[in-house]
Amino acid sequence: MDVLTFLEHEHAEAKDIFAKLEKAKGPQAQKLWDQLREMLSLHETMEETFFYPKLKEDKRATDLILESYQEHHVMDVLIGEISQFGPSDEQWQPKIKVLQENTEHHIEEEEGQLFPKVRKIWDTATRNEVGKLMEQMKGEHRKERRAA
Ligand SMILES: [Fe+2]
Ligand SMILES: [Fe+2]
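In this text the structure is predicted, and so the values were computed from the model without any measurement. (Residues numbered from 1 in each chain as written. Chains lettered and ligands numbered in written order. Predicted model: local features only at pLDDT ≥ 70, side-chain atom pairs only at ≥ 80, totals over all residues.)

Draft legend 1. The arrangement of the packing of helix α3 (residues 62–82) against helix α4 (residues 92–121) in detail. Between α3 and α4, the shortest axis-to-axis distance is 10 Å and the interhelical angle comes to 160 degrees. Accordingly, the angle class assigned to the pair α3 and α4 is roughly antiparallel. Helix-helix and strand crossings are classified by hand; for α3 and α4 the assignment is left-handed. Residue-level inspection shows Leu64, Ser68, Glu71, Val74, Met75, Leu78, Ile79, Glu81 and Ile82 of α3 in contact with α4, the latter providing Trp92, Lys95, Ile96, Val98, Leu99, Asn102, Thr103, His106, Glu110, Gln113 and Leu114. Taken together, the residues of the contact of α3 with α4 sort by class into eleven nonpolar, five polar and four charged. (Axes fitted to C-alpha atoms, helices over the stretch in contact; angles between N-to-C directions. Helix = DSSP H or I, 4+ residues; strand = E, 2+ residues; numbered from the N terminus. Parallel < 35°, antiparallel > 145°, perpendicular 65-115°, else oblique. Left-handed = near helix turned anticlockwise from the far one by under 90°. Contact = placed C-beta atoms within 7 Å. Nonpolar A, V, L, I, M, F, W, Y, C, P; charged D, E, K, R; others polar.)

Shown next as structure tokens:
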């Protein structure tokens, strides 16, 4: 699969879980959060393993990639903080809201600014190759989870 299609699917899934989380309460909210945290972490890992480092080498993408790393960092800080709280804490909802806003902004930049550059930098074969690597990593991750 084209890596950009793969990532777009993941972005849509993350936005969907955020939307559900907005309405959820108690154990249901906790369950959605666990799911979201895991998918966001894996998503960042896949991008930072197969996507950002190679693209950063191309001058057309360097600045955007450097900014993307910082946006991931801010998301990680928020994810770490939210994980210290539960749905009944008063800081839970506002922190999730800020993470949602940060994540949506990051997705907009990736899809709106970075992906068009990637289409110029990588041909279809390369994009498919990178997409395959991500699908493999995601598959491995699922296997490990089932085994645990
Ligand atoms: Fe990202
Ligand atoms: Fe992304």
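Next, the rest of the story.
Draft legend 2. Region of the structure containing the environment of tyrosine 52. Relative to the assigned elements, tyrosine 52 resides in helix α2 (residues 26–56). Residue classification places tyrosine 52 among the partly exposed positions, given that 19 C-beta atoms sit within 10 Å. As for tyrosine 52 and lysine 138, which are separated by 86 residues in sequence, their C-alpha atoms are 17 Å apart. Ignoring any residue separated from it by four or fewer positions in sequence, one finds tyrosine 52 in contact with Glu47, Ile65, Ser68 and Tyr69. (Buried ≥ 20, exposed ≤ 12 C-beta atoms within 10 Å, placed from the backbone.)

Draft legend 3. Seen up close, the environment of glycine 26. For glycine 26, the location among the structural elements is in helix α2. Residues glycine 26 and proline 87, 61 residues apart in the sequence, show an inter-C-alpha distance of 5.7 Å.

Draft legend 4. Examining the packing of helix α1 (residues 3–23) against helix α5 (residues 124–147) more closely. Two elements in contact, α1 and α5, have axes whose closest approach is 7 Å; the angle formed by their N-to-C orientations is 45 degrees. Regarding the angle of α1 to α5, the classification is oblique. Contacts between α1 and α5 involve Val3, Leu4 and Phe6 from the first element and Arg127, Val130, Gly131, Met134 and Glu135 from the second. Looking at side-chain class alone, the contact of α1 with α5 contains five nonpolar, one polar and two charged residues.

All quantities given are derived from atomic positions and should not be read as evidence of function.
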